[in-house]
Amino acid sequence: MSSVQGQLPLEDMPRRLYSCTPSRLNAWLDCRRRYRFSYLDRPQPSKGPAWAHNSVGASVHNALAGWWREPYERRTPLTAAVLLTNGWIAEGFRDTEQSGRWLARARDLVSGYVATLDPADEPVGVERTVATRTKVIALSGRIDRLDRRGDELVVVDYKTGRRPLTQDDARGSLALAAYAVAASSMLRTPCHEVELHHLPTGEIVQWRHTDESLARHLRRAEELASEAAEADERYRAAVAAPAKGRTAPRGQASRTSVPSSSAGASGRPFVGPAAVPPEIDELFAPSPGPICSWCDFRRHCPEGQAVAPDRDPWDGLAE
């Protein structure tokens with residue numbers, strides 16, 4: 001008997017689990033071109049300059065994580081302010097004066113927030129990575145804070161944006177639901193409650209999932225993952241592994257709108273998108289809209305530039 005007899009045809013072989021994070025799935029859902037630039041093109045196309053509001057958010061998250069890692073006796077509002085100051089990220093601001101004003105605001109933000117916490121109420125995890133698997137996906141992500149309340153776990157996510165939050169933000173968040181499922185699976189403890197802590201207002205938005213609602217989110221994640229995995233395979237089949245430089249196939253120009261001699265925002269050499277066949281470009285078509293103003297890859301997307309105005313890196317701040 002031939003050594004291959006009795007084996008499954010290749011098309012009937014089970015597909016490998018799609019490894020992803022909620023951010024990757026949301027990128028596929030929001031804009032397939034951004035997804036391609038973020039996760040498939042290698043080297044990755046050059047991003048635009050850093051956003052000041054992201055610098056504020058990262059600085060606050062880092063300070064709050066560091067606060068819980070301090071010994072109990074040092075978990076004070078003053079310690080939070082010191083951690084924020086020492087870890088301040090000053091990228092994206094208009095000038096040092098604006099950065100200084102926002103440093104003072106963020107310092108008040110974290111010190112005011114931790115003043116509402118019980119420093120003895122030790123979280124189960126801070127910036128903890130959790131993961132779970134289904135027959136379709138290997139899903140992982142990092143939780144800002146994981147609390148234990150009674151016999152259950154609670155997912156806590158910090159928010160620093162200027163937009164007020166609603167219960168729909170907590171209920172509809174694929175990321176929060178995925179974290180709840182993964183935390184419950186890893187720690188073998190029920191987790192149905194998710195919370196958004198909006199530091200600028202001090203508001204806490206809660207949602208309690210049922211087993212059924214968590215299952216719906218997980219099925220949605222699987223649907224998105226199946227779509228993305230198929231597109232990934234088609235991309236890899238059509239686009240050869242990049243060499244040191246990129247050249248477009250004959251008759252096909254690169255889609256970059258910035259000269260290749262330019263430097264990226266970090267000072268590294270500018271990298272344009274990979275040259276892809278038209279059918280792959282169509283598969284990863286953009287979803288133009290107002291959010292295009294804030295896209296890191298805006299310079300590479302004529303469609304996004306056409307529908308949304310340019311923004312300065314500090315325009316996301318609530319000035």
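Residues numbered from 1 in each chain as written. Predicted model: local features only at pLDDT ≥ 70, side-chain atom pairs only at ≥ 80, totals over all residues. Heavy atoms only, no water.

## Concerning the environment of histidine 197
Short version of the rule: Secondary structure counts use DSSP, requiring at least four H or I residues in a row for a helix and at least two E residues in a row for a strand, with both numbered from the N terminus. The contact rule is simple, with two residues in contact once any of their heavy atoms fall within 4.5 Å. Polar contact is the term for a pair of N or O atoms within 3.5 Å; when the atoms are in protein, one must be able to donate a hydrogen and the other to accept it, and sequence-neighboring residues count only if both atoms are side-chain atoms.
Considering the arrangement of structural elements, one finds histidine 197 in strand β5 (residues 191-198). In this structure, the C-alpha to C-alpha distance between histidine 197 and threonine 160, residues 37 residues apart in sequence, is 8.5 Å. Apart from the residues lying within four places of it in its own chain, the contact partners of histidine 197 are Tyr113, Arg145, Val156, Asp157, Tyr158, Lys159, Glu203 and Ile204. Reaching out from histidine 197, the side chain makes a polar contact with the side chain of glutamate 195 at a distance of 2.7 Å.

## Brief notes about the nonpolar core
Selection criterion: Definition used in this section: a nonpolar core is a set of buried Ala, Val, Leu, Ile, Met, Phe, Trp, Tyr and Cys residues joined via side-chain atoms within 4.5 Å. Under the scheme applied here, a residue whose accessible area is under 20% of the maximum for its type counts as buried, over 50% as exposed, and between as partly exposed, the area being computed with a 1.4 Å probe on protein chains only.
Tyr18, Leu25, Tyr35, Ile137, Val155, Tyr235 and Phe284 are the most contacted members of the largest nonpolar core, which has 45 residues in total. Secondary structure elements with two or more residues in this core: β1 (18-20), α1 (22-30), β3 (137-149), β4 (152-159), α7 (174-187), β5, α8 (211-238) and α9 (278-283). A total of 10 residues in this core trace back to one element, the largest contributor, which is α7. Ignoring anything within four residues of it in the chain, the contact list for valine 155 reads Ile143, Arg145, Leu146, Leu176, Tyr179, Ala180, Cys191, Glu193, Val194 and Glu195. Counting 26 residues, the second-largest nonpolar core is a separate cluster that includes Ala80, Phe93, Val110 and Leu117.

## Describing the confidence of the model for the protein
For clarity, the cut-off: A score from 0 to 100, pLDDT tells how confident the predictor is in each residue.
In this model, the protein carries a mean pLDDT of 90, and residues with pLDDT of at least 70 account for 87%. Note on residues 1-10: pLDDT is under 50 here. Beyond four places in sequence and across chains, it has 1 contact. Below a pLDDT of 50 lies the segment residues 243-262, which in the model reaches 35 contacts outside its immediate sequence neighbourhood of four places, other chains included.

## Digging into the packing of helix α3 (residues 52-69) against helix α4 (residues 77-86)
Put simply, the test is: The convention used is that axes are lines fitted to C-alpha atoms, helices contributing only their stretch in contact, and that angles between N-to-C directions extend from 0 to 180 degrees. If an angle is under 35 degrees, it is roughly parallel; if it is over 145, roughly antiparallel; if it lies from 65 to 115, roughly perpendicular; otherwise it is oblique. Should the near helix be turned counterclockwise from the far one by less than a right angle, the crossing is left-handed, whereas a clockwise turn marks it as right-handed. Any residue outside Ala, Val, Leu, Ile, Met, Phe, Trp, Tyr, Cys, Pro, Asp, Glu, Lys and Arg is labelled polar, Gly included; the first ten of those are nonpolar and the last four are charged.
In contact at an axis separation of 8 Å, α3 and α4 are set at 135° when each is read in the N-to-C sense. Put simply, α3 runs oblique to α4. Between α3 and α4 the crossing geometry is right-handed. Contact with α3, carried on its side by Ser59, Val60, Ala63, Gly66 and Trp67, involves Thr79, Ala80, Leu83 and Leu84 of α4 and no other residues of that element. Residues that form the contact of α3 with α4 fall into these classes: 6 nonpolar, 3 polar and no charged.

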